[in-house]
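# Chain and residue survey
Now for the letters of each chain:
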Amino acid sequence: MYYNKIWRRVSLVMMSKCMVAVLSIVLFVGVVSLTAAENVNKLIVNTDQGKETINRHIYGHFSEHLGHCIYGGYWVGEDSDIPNTRGIRNDVVEALRKINIPNLRWPGGCFADEYHWMDGIGPRNKRPKMINTHWGGVTEDNSFGTHEFLDLCEQLGTEPYICGNVGSGTVEEMSKWVEYLNSDGISPMSDERRKNGRDKAWGVKYWGVGNENWGCGGNMTPEFYADQYKRFATYCRNYGDNRLLKIAGGANTDDYNWTEVLMKKITPRGMWGLSLHYYTTNWWNKGSATEYDKKGYFEVMDRCLNISKVIDRHMTIMDKYDPEKRVALVVDEWGTWFDVEPGTNPGFLFQQNTIRDAIVAGIHLNEFNKRCDRIKMANIAQTINVLQALIFTKDEKMLLTPTYHVFEMYKVHQDATLLPTELQCTDYKFGDEKLPALNASASRDKSGKIHISICNLDPNKSAKLDCELRGIKAKKVSGRVLTTAAINSHNTFDNPDVVHPTIFKDVKLKRGKLTATLPAKSVVVFEIE
Ligand code: AHR
């Protein structure tokens, strides 16, 4: 009896201990798998479901008469020792041809609404000079004008996108410019063009009717601008088979009322596109392009991601007036805007470019790709030596920035079919704040290859990625990566290759599933066959 009692007690104690042990194991396994699940980033790419084409014009550029973008950037003049073709730098043309630059917006920006195109035609030594009041008060000698710009576009194999002057120009002036460019008939303007050495009309398609008309383009209200747009646009005629694609000067960042009024008053029939300008900047304290800490890095990522919300709200308004999506959203100025480099002219907007800029570029292009049903064109500000530049020049030297490398890596998306993606990712935390650590888009090109571009914003942690490729039996994967040791790594004329793309090896395909570990602060592009 007594032994039985003791035995029962011993077994009860043992059983409860066992249960505790089992429970702890279950709990442990649960916690471990929960943590593991939390750390896994999942991307689903629906490779057989794409409908929309990523318009190559999303990869467009903007170049203004500002600082050393045009002069010294593209244009050195025929007598320069720097190798050139009719005054245009050969090294720059070669570099830009490599990234398939699809269009180039010119002559501004704010400069456009002070530019009188007739000053930039005819013999160069007879062209009048003007003061570039917006950008440094320097003398503009008009040596780079209409013919030089269109020669540049032909050398680049790119579509011109010209922005006409609404702010200080006249309807007649704009109308004559279009005639000069596009008329092949007998007319005063086409005769003038022939006299200046160009027989055939250029057939310019993309036409901006003013720039930032809420600000430097005339400080107008949206109602007043909408009326002006209609007046100017009426006299921008089509010549021959060429159809002018007119773009109305759109909103600044989150000025949703501007979009609302223009959509309502101009109506979808009255314009091909409506523009939007979004700069990744803190206007009150821009900060240095290179001297920043992790806080400065986080803040830029935060502002950059905000573009998705801003675009979506503009698109919602556009959908209300134009559910068929006839009007393109044209983000014709975007990019980072920091303090100018110490010792440089404040009016020249020259800033360095780091891995942080590269990630900003990667995110913007992903976000544009994903909205390619409405966004048909975008233009980075600006191609050379200004703001988020792709190229720096210094006399005869030329340098490619981290942003250039992103455009080169992402060119595979141009005119490809957007593939729907679903991304589940961990957070990139800074103090009490957090952002999604990853940002991605995917497409299928004409030969059937799939490309996934993905940014890991987190400067501290690499990210394990599981990617399910639905709809294909993937056989082969390769990748390229842009990443660096420091958060502010950048290229200089002395060290031009600090940031450049390399082959990405940390990727595997197993039973059709892609797994990879994306390095901290990186931009990666996968190619899948
Ligand atoms: O890109 C520099 C300037 O930024 C442009 O001239 C203007 O349109 C914008 O405010």
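Up top you'll find the structure we're talking about.
Residues numbered from 1 in each chain as written. Predicted model: local features only at pLDDT ≥ 70, side-chain atom pairs only at ≥ 80, totals over all residues. Heavy atoms only, no water.

### Comments concerning the overall build of the chain
- Within the chain one finds ten helices and 27 strands.
- Expressed along its principal axes, the backbone C-alpha trace of the chain runs to roughly 125 × 55 × 45 Å.
- Within the span of the chain, comprising 529 residues, buried residues form 54% of the whole.
- Element-wise, carbon and sulfur atoms account for 53% of the exposed surface of the chain, whose accessible area totals about 23400 Å².
- Within the chain, the 64 negative side-chain charges are centred at a point lying 10 Å from the centre of the 66 positive side-chain charges. (Helix = DSSP H or I, 4+ residues; strand = E, 2+ residues; numbered from the N terminus. Buried < 20%, exposed > 50% of the residue type's maximum accessible area, 1.4 Å probe, protein only. Areas by Shrake-Rupley, 256 points an atom, 1.4 Å probe, with all protein chains shown as cover. Lys, Arg positive; Asp, Glu negative; His and termini not counted. Charge placed at Lys NZ, Arg CZ, Asp CG, Glu CD.)

### So, the sheet that holds strand β27 (residues 522-528)
- The six strands lie next to each other as β16-β20-β21-β27-β23-β24, forming an open sheet whose pairing is antiparallel. At either end of the open sheet lies a strand with only one pairing partner, and these are β16 (417-419) and β24 (502-503).
- The sheet contact formed by strand β23 (residues 477-483) and β24 spans two bridges and is antiparallel. Residue pairing in the sheet places Arg-480 in a bridge with Ile-503 of β24. (Pairing = 2+ DSSP bridges.)

### A closer look at the nonpolar core
- With 119 residues, the main nonpolar core has Trp-207 and Phe-368 as its most contacted residues.
- Take this core: its biggest share by element is twelve residues, from helix α8 (residues 294-321).
- When residues no more than four places from it in sequence are discounted, the contact partners of Phe-368 are Ile-58, Ile-307, Ile-311, Val-331, Trp-334, Ile-375 and Ala-378.
- Judged by nonpolar contacts, the second largest core, of 23 residues, contains Val-45, Leu-438, Ile-452 and Ala-463. (Core = buried A, V, L, I, M, F, W, Y, C linked by side-chain atoms within 4.5 Å. Contact = heavy atoms within 4.5 Å.)

### Quick look at the site of the ligand
- Close to the ligand lie Phe-62, Glu-64, Gly-109, Cys-110, Trp-135, Asn-211, Glu-212, Tyr-279, Glu-333, Trp-337, Gln-382 and Leu-387, which account for all nearby residues.
- Between the ligand and Glu-64, the relevant distance is 2.7 Å, taken from an oxygen atom to a side-chain nitrogen or oxygen of the residue.
- In this structure, Gln-382 approaches the ligand through a side-chain N or O atom, which is 3.0 Å from an oxygen atom.
- Here the ligand, which alone exposes 280 Å², has 94% of that area covered by the protein. (Near = heavy atom within 4 Å. Polar contact = N/O pair within 3.5 Å; in protein donor to acceptor, adjacent residues only side chain to side chain.)

### Section: the packing of aromatic side chains
- Applying the stated criterion across every chain, the model contains 24 aromatic pairs.
- Seen from their ring centres, Tyr-279 and Trp-337 are 4.8 Å apart, and the 80° between their planes marks the pair as edge-to-face. One end of the pair, Tyr-279, is in strand β11 (residues 273-280); the other, Trp-337, is in the loop between β12 (328-336) and α9 (355-370), with 58 residues separating them in the sequence.
- Residue class for Tyr-279 comes out buried when judged on its relative accessible area of 9%.
- Overall, Trp-337 belongs to the buried group, its relative accessible area being 14%.
- Arranged with centres 5.1 Å apart and planes meeting at 70°, the rings of Phe-298 and Tyr-428 form a pair that is edge-to-face. Placement of the pair is Phe-298 in helix α8 and Tyr-428 in strand β18 (residues 427-430), with a sequence separation of 130 residues. (Phe/Tyr/Trp six-rings, centres within 6.5 Å; stacked < 30°, edge-to-face > 60°.)

### Quick notes on the layout of surface pockets
- Within this model, the second largest pocket holds a volume of roughly 250 Å³.
- Ranked by residues supplied to the lining of the second largest pocket, first place goes to strand β14 (residues 391-394) with three residues.
- Taken together, the residues of the lining of the second largest pocket sort by class into four nonpolar, seven polar and three charged. (1 Å grid on protein atoms, 1.4 Å probe; cavity = no way out; pocket = protein on both sides within 12 Å on 5 of 7 lines; lining within 4 Å. Points joined across faces, edges and corners; volume = space filled by probe spheres on them. Nonpolar A, V, L, I, M, F, W, Y, C, P; charged D, E, K, R; others polar.)

### A look at helix α2 (residues 90-98)
- Every buried residue of α2 is listed here: Val-92, Val-93, Ala-95 and Leu-96. Take α2 and look down its axis: the buried residues cluster within an arc of 165°, on one side only.
- Those residues of α2 that are buried are in contact with β4 (88-89), α3 (146-156), β14, β15 (397-400) and α10 (402-410).
- Note on α2: the residue one or two positions beyond its end, Asn-100, has a positive phi of about 55°. (Arc of directions from axis to C-beta.)

### Some words on the packing of helix α4 (residues 171-182) against helix α5 (residues 188-195)
- Remark: α4 packs on α5, axes separated minimally by 8 Å, with the N-to-C direction vectors making an angle of 55°. Relative to α5, the element α4 lies oblique. In the crossing of α4 with α5, the sense of the turn from one axis to the other is right-handed. Residue-level contacts link Lys-176, Glu-179, Tyr-180, Leu-181 and Asn-182 of α4 to Pro-188, Met-189, Ser-190, Glu-192 and Arg-193 of α5. (Axes fitted to C-alpha atoms, helices over the stretch in contact; angles between N-to-C directions. Parallel < 35°, antiparallel > 145°, perpendicular 65-115°, else oblique. Left-handed = near helix turned anticlockwise from the far one by under 90°.)

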